[in-house]
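# Observations on the model geometry
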Amino acid sequence: MPIWLFLALSIAAFASSVTLRIADSLLPEIAREFATTPGAAATAVITTFTVAYGGIQVAFGPIGDRFGKVQTIAVASLLSVAAQVACALSATLDQISIARVAAGATAGGVIPLCLAWIGDVVSFEDRQRVLARFLLAQIIGLAAGQALGGVIGDAFGWRASFLMLAGLYLLGGVAPFLALRATPDR
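In this text the structure is predicted, and so the values were computed from the model without any measurement.

Turning our attention to the pattern of salt bridges. In total, this model carries five salt bridges according to the counting rule given. A salt bridge links Glu33 to Arg159; its shortest N-O distance comes to 2.4 Å. Taken together, the positions of Glu33 in helix 2 (residues 27–33) and Arg159 in helix 8 (residues 158–182) put the pair 126 residues apart, joining distant regions of the chain. A relative accessible area of 41% means that Glu33 is categorised as partly exposed. Note that Asp120 and Lys69 form a salt bridge whose closest N and O atoms lie 2.8 Å from each other. Of this pair, Asp120 sits in helix 6 (residues 110–121) while Lys69 is found in helix 4 (residues 69–89), placing the two residues 51 residues apart along the sequence. The exposure class of Asp120 is exposed, given its relative accessible area of 53%. Connected via shared salt-bridge partners are Asp65, Lys69 and Asp120.

The subject of this paragraph is the nonpolar core. Counting residues in each nonpolar core, the largest one holds 53 residues, and the members touching the most others are Ile30, Ile96 and Phe162. Elements represented by at least two residues in this core include exactly helix 1 (3–21), helix 2, helix 3 (38–67), helix 4, helix 5 (93–107), helix 6, helix 7 (124–156) and helix 8.

What follows deals with the packing of aromatic side chains. Across all of its chains, the model carries three aromatic pairs by this definition. Centroid distance Phe34 to Trp158: 5.8 Å. Interplanar angle 65°. Geometry classified as edge-to-face. Placement of the pair is Phe34 in the loop between helix 2 and helix 3 and Trp158 in helix 8, with a sequence separation of 124 residues. Feature note: the residues Phe34, Trp158 and Phe162 constitute an aromatic cluster, connected by ring pairs.

Here is what the cut-offs are and how they apply
Residues numbered from 1 in each chain as written. Predicted model: local features only at pLDDT ≥ 70, side-chain atom pairs only at ≥ 80, totals over all residues. Heavy atoms only, no water. Salt bridge = Lys/Arg side-chain N within 4 Å of Asp/Glu carboxyl O. Helix = DSSP H or I, 4+ residues; strand = E, 2+ residues; numbered from the N terminus. Buried < 20%, exposed > 50% of the residue type's maximum accessible area, 1.4 Å probe, protein only. Core = buried A, V, L, I, M, F, W, Y, C linked by side-chain atoms within 4.5 Å. Phe/Tyr/Trp six-rings, centres within 6.5 Å; stacked < 30°, edge-to-face > 60°.

Below you can see the structure in the form of structure tokens.
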């Protein structure tokens with residue numbers, strides 16, 4: 001298994017995991033800005049994302065099989081850049097709700113496709129060890145999402161948290177393409 005490709009996919013999975021939790025600590029600030037309740041903000045920002053994230057996963061399998069898992073992960077990550085920028089630029093609660101649907105739809109296939117890629121390229125004997133390392137990036141991403149959202153949100157405002165995430169996705173989208181170019185035996 002090419003280590004650079006594994007690391008690149010771990011970055012994409014980390015970004016996807018951060019996306020799952022980044023808005024949690026931002027809800028009071030988002031609710032205040034859009035003059036709504038934290039519950040309404042949660043529905044607009046978290047529930048819409050979660051439904052899209054879970055619902056789209058069924059489509060990513062065939063897409064990954066058709067166009068290549070790594071390529072699909074990279075493209076989904078790059079599309080996530082646009083979705084995160086749209087979140088940051090949202091002027092209304094409806095706009096951020098739509099942007100979070102897009103964020104969920106673009107991020108939803110990253111982790112399942114990474115797991116499928118590991119299943120495709122890692123021998124059965126080594127798979128447990130590789131999965132443990134991969135899941136570490138995912139778990140750290142979940143914890144970091146809440147922390148980064150809160151720290152960046154407090155310091156620079158909730159919009160900056162989404163812009164930081166866009167930068168992370170940019171890295172998560174470009175890194176797999178670069179690793180593929182450097183790995184002739186993918």
